[in-house]
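Commentary on secondary and tertiary structure
In case you want the letters, here they are:
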Amino acid sequence: SEGPGVRFAALFLLLCACAEGYNRRGCEAWPGAPAWTTLAQQMSSGAALHGPITSSDYEACKTVGTDAYALSAAGNGICMHAHDCENRFCSPQETANLPAYVVEAKSEDDIAAALVFAAEHDIAVAVKATGHSYPGSSTAADSILVWMANYPKDGAITENYVDSCGTSHSAVVGIGGGETWNDVLEAVKGQYHVV
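A brief look at the structure comes next. (Residues numbered from 1 in each chain as written. Predicted model: local features only at pLDDT ≥ 70, side-chain atom pairs only at ≥ 80, totals over all residues. Heavy atoms only, no water.)

Moving on, we come to the overall build of the protein. Broken down by element type, the protein carries 6 helices and 6 strands. In sequence order, the secondary structure elements of the protein are arranged as α-α-β-α-α-β-α-β-β-β-β-α. Here the protein holds 195 residues, and the buried ones make up 34% of them. Intrachain contacts of the protein at a sequence separation of at least 6 include 58% that bridge at least 24 residues. For the protein, the exposed area adds up to about 11200 Å²; of that, 56% sits on carbon and sulfur atoms. (Helix = DSSP H or I, 4+ residues; strand = E, 2+ residues; numbered from the N terminus. Buried < 20%, exposed > 50% of the residue type's maximum accessible area, 1.4 Å probe, protein only. Contact = heavy atoms within 4.5 Å. Areas by Shrake-Rupley, 256 points an atom, 1.4 Å probe, with all protein chains shown as cover.)

This model, assessed by the stated rule, comprises 3 aromatic pairs. Ring geometry for tryptophan 30 against tryptophan 36: centres 5.7 Å apart, planes inclined by 40 degrees, an arrangement best described as tilted. In this structure, tryptophan 30 and tryptophan 36 share a single accessibility class: buried. Taken together, a centroid distance of 3.7 Å and an interplanar angle of 15 degrees make the contact between tryptophan 36 and tyrosine 101 stacked. Taken together, the positions of tryptophan 36 in helix H2 (residues 33–41) and tyrosine 101 in strand E2 (residues 101–104) put the pair 65 residues apart, joining distant regions of the chain. Taken together through their ring pairs, the aromatic side chains of Trp30, Trp36, Tyr101 and Phe117 make up a single cluster. (Phe/Tyr/Trp six-rings, centres within 6.5 Å; stacked < 30°, edge-to-face > 60°.)

This part is about the pattern of salt bridges. A complete count under the given rule lists 6 salt bridges for this structure. Measuring nitrogen to oxygen at the nearest pair gives 3.4 Å for the salt bridge that ties arginine 24 to aspartate 142. Remark: aspartate 142 occurs in the loop between strand E3 (125–128) and strand E4 (144–147) and arginine 24 occurs in the loop between helix H1 (4–19) and H2; sequence separation between them is 118 residues. One salt-bridge network, in which partners are shared between bridges, spans Arg24, Arg25 and Asp142. (Salt bridge = Lys/Arg side-chain N within 4 Å of Asp/Glu carboxyl O.)

Quick look at the layout of surface pockets now. Computed from the structure, the second largest pocket encloses a volume of approximately 290 Å³. Residue lining of the second largest pocket: 17 residues in total, with Tyr69, Ser72, Ala129, Thr130 and Thr180 positioned closest to the centre. Within the residue set of the lining of the second largest pocket, elements represented by two or more residues are helix H4 (68–73) and helix H6 (181–188). Counting residues per element, the lining of the second largest pocket draws most heavily on H4, at 4 residues. Its residues assigned to classes, the lining of the second largest pocket comprises 7 nonpolar, 8 polar and 2 charged. (1 Å grid on protein atoms, 1.4 Å probe; cavity = no way out; pocket = protein on both sides within 12 Å on 5 of 7 lines; lining within 4 Å. Points joined across faces, edges and corners; volume = space filled by probe spheres on them. Nonpolar A, V, L, I, M, F, W, Y, C, P; charged D, E, K, R; others polar.)

Taken together, the side chains of Leu115, Val125 and Val127 present a nonpolar region at the surface, about 240 Å² in accessible area. Structurally, valine 127 can be placed in strand E3. Classification of valine 127 as exposed rests on a relative accessible area of 53%. (Patch = residues over 30% accessible without salt bridge, like charges linked within 9 Å, V, L, I, M, F, W, Y side chains within 5 Å.)

Inspection of the secondary structure puts serine 143 in the loop between E3 and E4. For serine 143, a relative accessible area of 0% translates into the label buried. A distance of 2.6 Å separates a polar atom in the side chain of serine 143 from the backbone oxygen of alanine 140. The contact partners of serine 143, leaving out residues within four places of it in the chain, are Pro99, Ala100, Tyr101, Ile123, Ala124, Val125 and Ala126. (Polar contact = N/O pair within 3.5 Å; in protein donor to acceptor, adjacent residues only side chain to side chain.)

Tallied over the full model, the rule gives 2 disulfides. For cysteine 85, the disulfide goes to cysteine 90, at an S-S distance of 1.9 Å. Classification of the bridge connecting cysteine 85 and cysteine 90 rests on its S-S torsion, roughly 100 degrees, and on that basis the disulfide is right-handed. We note that cysteine 85, like cysteine 90, is buried. (Disulfide = S-S within 2.5 Å.)

With that settled, the discussion passes to the nonpolar core. Most often, soluble globular proteins have nonpolar side chains that are buried together. Judged by nonpolar contacts, the single largest core of 19 residues is most densely connected at Trp36, Leu39, Val103, Ile123 and Ile144. Of all the secondary-structure elements, those providing two or more residues to this core are H2, E2, helix H5 (108–121) and E4. A per-element tally of this core places H5 first, with 4 residues. Ranked by size, the runner-up nonpolar core spans 16 residues in total, among them Tyr58, Ile78, Cys90 and Ala149. (Core = buried A, V, L, I, M, F, W, Y, C linked by side-chain atoms within 4.5 Å.)

Written out as structure tokens, the structure is:
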């Protein structure tokens, strides 16, 4: 088991992490349960705050296998398409790279509440739609993860669209925050050229 040297080293690393960079779990300034409850109460209907997330929560992701669509929908947003990316630098020898909490956003207000909370408490924010980031950049250790996979989809086709520069386009498709290319292709249904 751990000797005093190992415990001291772990405490030293935690103190250094708290002194520099973003607030992290274990730091004195980390928000307590009442603050997280207040954030959860600010979520819109259907939205949710999941957490606190632990390494054991990731085990459910591994039971899904490697199906990208199933992984994107599983684990309240913490699943990665490459399971090694549950750790920093996608290396099994590294520490967990999992968020502290997940905001399952359903509205702009949910996203705004998460960003305000993160700013007030100096917590890093990561944003994920599907988890299709092999270097693991769609998550960050001890962050608030804004999970967009269940965000309302758009998919509306607008004919004769004029953009903010005044350029006319015969048709454009609206893309929501959690949409994938598969969603976009389904929206245009082969009727338009996708660039």
